[in-house]
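The residues making up each chain are set out below.
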Amino acid sequence: MAKPADTRTAGRKAAAKPTRSAAETEKIRAALAARRDELRAEYDQTLSEITELQRDRLTDSAGDDQADTGTKTFEREQEISLANSILERITQVERALERLDEGGYGWCERCGNPIPVERIAAFPSATLCVTCKQLEERR
Ligand SMILES: [Zn+2]
């Protein structure tokens with residue numbers, strides 16, 4: 001029969017952070033950086049759409065009836081809130097990159113297991129592994 005694990009060793013093991021290989025860290029960094037670039041492009045595009053809507057409003061609002069002006073204002077507000085949410089996601093990814101440099105990113109906050117690279121690439125703000133996330137959602 002296996003004896004219970006040496007508590008001293010077990011304690012030390014639990015305290016030590018699991019390590020990720022440099023190659024894996026690089027993969028995560030690349031995934032996060034690619035995501036950030038994507039989001040920035042999306043953000044730029046949204047900004048130019050806002051500018052365009054604004055220009056439209058200035059140039060041909062004279063001929064618009066009130067409903068048209070209302071629609072354009074609404075569109076512009078939607079674009080602005082979209083831009084803000086993209087900006088928030090960019091901030092999240094940048095924070096993740098900073099934490100990655102400090103060695104504090106990519107570990108599940110609940111069980112401490114490494115979060116798979118694919119999951120981080122898909123959800124750069126993920127702080128839980130899939131298993132813990134599913135447990136969380138079930139509650
Ligand atoms: Zn977990």
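The structure reproduced in this document is the subject of the present report. Per chain, the residues get numbers from 1 upward, laid out in the order the sequence is written. Given that this is a predicted model, residues contribute local features only at a pLDDT of at least 70 and side-chain atom pairs are listed and counted only at 80 or more, while totals for whole chains, interfaces and linings are drawn from all residues. Each side-chain value is derived from all of the structure's non-hydrogen atoms; neither hydrogens nor water enter the calculation.

**A few points about the coordination of the zinc ion**
To be explicit about the condition: Note that water is not among the atoms used; donors are N, O and S atoms within 2.8 Å of the metal (3.2 Å for Na, K and Ca), so sites may look incomplete. Geometry is assigned from donor-metal-donor angles: four donors are tetrahedral when every angle falls between 85 and 135 degrees, four are square planar and six octahedral when opposite donors sit over 155 degrees apart with all other angles between 65 and 115, and any other arrangement is irregular. In DSSP terms, a helix is any run of H or I states spanning at least four residues, a strand is any run of E spanning at least two, and both are numbered starting from the N terminus. Here the term buried applies to any residue with accessible area under 20% of the maximum for its type, exposed to any over 50%, and partly exposed to those in between, with areas from a 1.4 Å probe on protein chains only.
Summarising the metal site, the zinc ion is bound by the protein donors Cys108 (SG), Cys111 (SG), Cys129 (SG) and Cys132 (SG), whose distances to it range over 2.3 to 2.4 Å. Classification of the site at the zinc ion as tetrahedral follows from its 4 donor atoms and the range of 106 to 115 degrees in their angles at the metal. The sequence pattern formed by the donor residues of the zinc ion is C-x2-C-x17-C-x2-C. Taken together, the residues cysteine 111 in the loop between helix H3 (66–101) and helix H4 (117–122) and cysteine 129 in the loop between H4 and helix H5 (130–138) connect sequence positions 18 residues apart. Looking at cysteine 129, the relative accessible area reads 8%, which means it is buried.

**Describing the pattern of salt bridges**
Just so we agree on the cut-off: A pair is scored as a salt bridge if a Lys or Arg side-chain nitrogen falls within 4 Å of a carboxyl oxygen belonging to Asp or Glu.
By the definition in use, this model includes 8 salt bridges. The closest approach of N and O atoms between arginine 36 and aspartate 37, which form a salt bridge, is 3.9 Å. Taking the relative accessible area as the measure of exposure, aspartate 37 reaches 46% and is therefore partly exposed. Glutamate 136 is the partner of arginine 110 in a salt bridge, and the nearest nitrogen-oxygen pair spans 3.2 Å. Remark: glutamate 136 occurs in helix H5 and arginine 110 occurs in the loop between H3 and H4; sequence separation between them is 26 residues. A relative accessible area of 44% places arginine 110 in the partly exposed class. The partly exposed category is assigned to glutamate 136, whose relative accessible area is 33%. Among the ionic contacts, a cluster of salt bridges with common partners joins Glu26, Arg29 and Asp101.

**Description of the environment of arginine 36**
Structurally, arginine 36 is set in helix H2 (residues 22–60). With 51 residues separating them along the chain, arginine 36 and leucine 87 place their C-alpha atoms 10.0 Å apart.

**A closer look at the packing of aromatic side chains**
Going by this rule: Geometry of aromatic contacts follows a simple scheme: Phe, Tyr and Trp rings, the Trp one being its six-membered ring, pair when their centres are within 6.5 Å, and the pair is stacked under 30 degrees between planes, edge-to-face over 60, tilted otherwise. A ring is scored as having a charge over it whenever the NZ atom of a lysine or the CZ atom of an arginine sits within 6 Å of its centre and within 35 degrees of its normal.
Summed over all chains, the structure comprises 0 aromatic pairs. Its guanidinium or amino end placed over the ring of tryptophan 107, arginine 20 lies 4.9 Å from that ring's centre, counting from NZ or CZ.

**Quick notes on the side chain of threonine 46**
Note the threshold: Residues are treated as being in contact if the distance between any of their heavy atoms lies within 4.5 Å.
The topology assignment puts threonine 46 in helix H2. If near-sequence neighbours (up to four positions away) are discounted, threonine 46 is found in contact with Glu79, Leu82, Ala83 and Ile86.

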